[in-house]
Each structure stands twice: as structure tokens, then as C-alpha cells.
Amino acid sequence: MAVVRETPRWDRLFAERTRGDVGEGIALVLAFLGQPDLISFAGGFPDPLTFPRERASALLAEFAAAGESAAFQYAPTRGLAGPLDAIAGRLEALQGRRPADDELVITSGAIEALELVGKSFLDRGDLVVVEGPTYLGAIMAFRSFEAELVAVPLDEHGLEVDELERRLVDGLRPKLVYTIPDHQNPAGVSLSRARRELLVELARRCGFLIVEDVAYRELGFDEEGEPSLWSLAPDVVLQAGTTSKTLFPGVRLGWAVGPAGVVAQLVSAKQNTDQCAGALGQRLFEEYVRRGWIDEQLVQSRSLYRRKCERMLAALERCMPAGTGWTSPKGGFFSWLTLPDGGEAGDLARRAVERGVAIVPGSLFFADGSGGDSVRLSFSLVDEADIDEGIERLASLVNP
């Protein structure tokens, strides 16, 4: 008699923390990359035109010819000495402060820095304040440690820090406040100077750690930006940075800089996470910094993204029906579209795919699933020649 074997129900064995609403949002966004013939405003990915293929190839050949082993070997958990020095020097040049040796660690992208923060700080039920809306990856990272996320709204000047202060007065006690102060993902707005100063004052007064994500800081269209939160208050800010938008994402390289005691705990957490960031990426980035190539590349990248942004904003102005609103970013990759009254972004996204256009519904960027009338539009990856057509198709589906 044949034995019938049931397919194992592995989900019954999964850890309890995986059963929360961690979400599949990033996988959904990445899936759009594999669909042909889509005009995609979905993924916040850099344009391959900015990838320095020739220089990367030349450096690899140079490393091999010189018999270098460090680029191909394991690295210390904190990072290789040369790349650490290059990153510290770049932070000093761009943000006006050089971190001490024990205040900096190299990570496998900014997302690992957020994971290490969660692993180091969060117990079940701990409070984390995020922006509403905010980066989907941060929502997923903090929720994976069973934290409770509290969203504070933002406007055209960034996080509404006055509202955060009111909630703190009413008894809110977060361990962490996560913010993207420069060209925010997904809204494209930046935090004003006055709000930056108030935020760090609140952190000192109330005893929480600010987690500052600077993924888009170096992609401002204007030369002058506001000071980083870390440069204003290195005692209460942990800054997470990435090279994915400025070099290329294939190396998965970033950094975390902050109070020495915090960074020491992140290094400890990293030892049983990935042990070390990839040495090859570290050495590539070090050489890009030391030879001035990264700054040359950024001039070209900013120019490209400015053109794309301006073209998309012009198309929105020309095509969108009355009652539609959107942000006008001064850098980064994104604009935040608000539909006319009654607009439903999830339905719009489904209908848009049928018309050959990909967008991301705003609800993915809210910890509580709100934002159903909003859409994130990314101009970074879409071909310039397709922007007008893509926005025209999308506008034809928006009900005034």
C-alpha cells in the first residue's frame, strides 16, 4: 500500500517574530525589474549610466597585477584600515567632522546598518519613531525585531518635529527615532535647519538615539545642503550611509558612524551577522575616493538625475488632472504623488501595469498601512526618453 506523504508545513516551524507584518514590499518592487516593456517609476535604483565599468575593471586588473591579497581576503569586522581612513576623510570633507577610529564601522550597505541597530537595541514591544511615510526597508528591519513603530507625519520641510515634541510631552518614549533628512525616500523632501536643531535637542533631553539615513545626501541638485544631524550632534546620532547610490549597488557597501559605545555594539552584532563587509568593495571605494573619481562621478550623476527630475515634474504639471499634488525634490530619486479625493493607489498601480507603467502604492511606506491615496514615483532608473510617455499613460488613469 502506497504511503501518502504530506508536504511539510514549514511555516508552523518559523520563528514567532516572522509572523508579524514584515511584508514583501521590497521583493514586489524588485520584481518590476524583470518585466519587459514596462516604463518603471517603481524601483529606487541608480541609472546604469552612472556605473563606472571601465574604471572598476581597470582597478581589478591593477589589484591582480600588483599581487594584492587584501581585496580578495576576509577583512576585519570593523573594516580594512585604508577604506576606514578614506571614509573618515570623506566624512570630514563633506560634513565637517572626522570620526575617531572607534566611531566608525563599514557595513554591507545601509540596510545592514539598520539591521545591526535593531539587533543591538530592540526588544519585543520597544518603540521606534519613523517618518510617515518612510523607507520600506527600515519598516521591515525594525519590525523583524518585533518593535512597535510609531509614525510622525512629514511635510514639505521634512519630519514634523514639533509634532514629535508634543507626543514626547504626552509620554511617548522611543528608543530610536529613524529619519532620512536629505531628499527623503519616498517623499523627496528635506528636513529644515530649524527642525534639525530641535530634533537633536529632543534626543539629548529625552534620551533616544537618532538613526540618520543619508543614502541620498550626496545627490542634491544644489551645491549647498543643510548640516547632517551627525555633524550637529555626534553624541546622540548614529548615521547610516551607503555607496549604492553614489558608486554602484553591486558592491553592497556602506558605513555607520556614531557614539563609540554604540558602534562597538554594532561591531559585536556584526560578528555573527556577516562577519565583515566585502573587502573587494572596500578597496574599490577607497581607490575611488583617493583618486577623486567618486567626485567626478557624482557631478555626472547629479546632472543626470536633475534632468530626469525636471522632465518628470514638467510632465506631471502638463498631464495630471486637477486635485493631484506632488513634491518637488531638490535631489535624490523620488517625488511623492497624492491622488485627487477618492483616489486609490493600489487600484491605480494594477491598472497602470496593464498600460505598461509601474508605480509603487504609498501604503507600503507607512507603518500602519495608510497612505492609500499616495504613490511614490522614482525618476532615477526610467529612461529619459520614456518619462513623458509614462506620465501621460499614468495621468490618463487618474480620476479627477
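Residues numbered from 1 in each chain as written. Predicted model: local features only at pLDDT ≥ 70, side-chain atom pairs only at ≥ 80, totals over all residues. Heavy atoms only, no water.

Novice: What exactly am I supposed to notice about the sheet that holds strand β6 (residues 176-179) here?
Specialist: The strands that make up a sheet are held in pairs by hydrogen bonds between backbone atoms, and each pair lies either parallel or antiparallel. Reading across from one edge, β2-β9-β8-β7-β6-β3-β4-β5 is the order of the 8 strands in this open sheet, with mixed pairing throughout. Across the chains shown, the open sheet's two edge strands, defined by having one partner strand only, are β2 (104-107) and β5 (158-159). Here β2 runs beside strand β9 (residues 254-257); their pairing, made up of 4 bridges, is antiparallel. Among the inter-strand pairings, T107 is bridged to a residue of β9, identified as G254. In the packing of helix α4 (residues 110-121) onto the sheet, the strands contacted are β2, β6, β7 (209-213), β8 (237-242) and β9, and the crossing angle to β8 comes to about 150°. The strands touched by helix α7 (residues 193-206) are β4 (148-155), β5, β6, β7 and β8; relative to β7, the strand with the most contacts, the crossing angle is about 145°. (Pairing = 2+ DSSP bridges. Helix = DSSP H or I, 4+ residues; strand = E, 2+ residues; numbered from the N terminus. Contact = heavy atoms within 4.5 Å. Axes fitted to C-alpha atoms, helices over the stretch in contact; angles between N-to-C directions.)

Novice: Is there a simple way to explain the sheet that holds strand β10 (residues 325-326) in this structure?
Specialist: Spatial ordering of the open sheet is given by β10-β11-β14-β13, a layout of 4 strands whose pairing is antiparallel. In the strand order of this sheet, the two ends are held by β10 and β13 (360-361), each with one partner. Relative to strand β11 (residues 334-338), β10 runs antiparallel, the two sharing 2 bridges. Looking across to β11, one finds that W326 is bridged to L337.

Novice: How should the packing of aromatic side chains be read in this particular structure?
Specialist: The geometry of an aromatic ring pair is captured by the separation of the ring centres together with the interplanar angle, meaning the angle of the planes. Enumeration according to the criterion identifies 9 aromatic pairs in this entry. For the ring pair Y288 and W293, a centre distance of 5.3 Å and an interplane angle of 75° mean the geometry is edge-to-face. This pair shows no difference in class: Y288 is buried, exactly as W293 is. Chaining the aromatic ring pairs together yields one cluster made of Y216, Y305, F333 and F334. (Phe/Tyr/Trp six-rings, centres within 6.5 Å; stacked < 30°, edge-to-face > 60°. Buried < 20%, exposed > 50% of the residue type's maximum accessible area, 1.4 Å probe, protein only.)

Novice: What is the right way to read helix α12 (residues 345-354) from this model?
Specialist: For an α-helix the count is 3.6 residues per turn, leaving residues at separations of three or four pointing the same way. When α12 is considered as a whole, its buried residues turn out to be A345, G346, L348, A349 and A352. The buried side chains of α12 occupy one side of the element, clustering within an arc of 160° when seen end-on. Those residues of α12 that are exposed and aimed more than 90 degrees away from the buried face are R350 and E354. Of the surrounding elements, those touching the buried residues of α12 are β12 (357-358), β13, β14 (374-378) and α13 (384-397). In this structure E344 caps α12, since a side-chain oxygen of it lies 3.2 Å from the backbone nitrogen of G346. (Arc of directions from axis to C-beta. Polar contact = N/O pair within 3.5 Å; in protein donor to acceptor, adjacent residues only side chain to side chain.)

Novice: Sorry, what's going on with α7 here?
Specialist: Between its first and last C-alpha, α7 extends 20 Å over 14 residues, near the 20 Å set by a 1.5 Å rise per residue. Within two residues after α7, G207 carries a phi angle of roughly 80°, on the positive side. (Expected span 1.5 Å × (residues − 1).)

Novice: Help me understand the packing of α4 against helix α9 (residues 260-271) in this model?
Specialist: The relative placement of two packed helices comes down to the angle between their axes together with the axis-to-axis distance. Contact geometry for α4 and α9: axes closest at 9 Å, N-to-C directions at 100°. Our classification of the angle between α4 and α9 gives roughly perpendicular. Of α9, the residues touching α4 (which contributes E112, L116, V117, K119, S120 and F121) are V262, Q265, L266, A269 and K270. When the residues that make up the contact of α4 with α9 are grouped by side-chain class, the tally is 6 nonpolar, 2 polar and 3 charged. (Parallel < 35°, antiparallel > 145°, perpendicular 65-115°, else oblique. Nonpolar A, V, L, I, M, F, W, Y, C, P; charged D, E, K, R; others polar.)

Novice: Hey, could you run me through unusual backbone geometry in this one?
Specialist: As a rule of thumb, non-glycine residues mostly have phi less than zero, and peptide bonds are mostly trans rather than cis. P133 follows G132 through a cis peptide bond whose omega is 10°. Its place among the elements puts P133 in the loop between β3 (127-132) and α5 (136-143). Residue P186 is reached from N185 by a cis peptide bond, and omega for that bond is 20°. In this structure, P186 sits in the loop between β6 and α7. Unusually for a residue other than glycine, E146 sits at a positive phi of about 60°. Of note, E146 is situated in the loop between α5 and β4.

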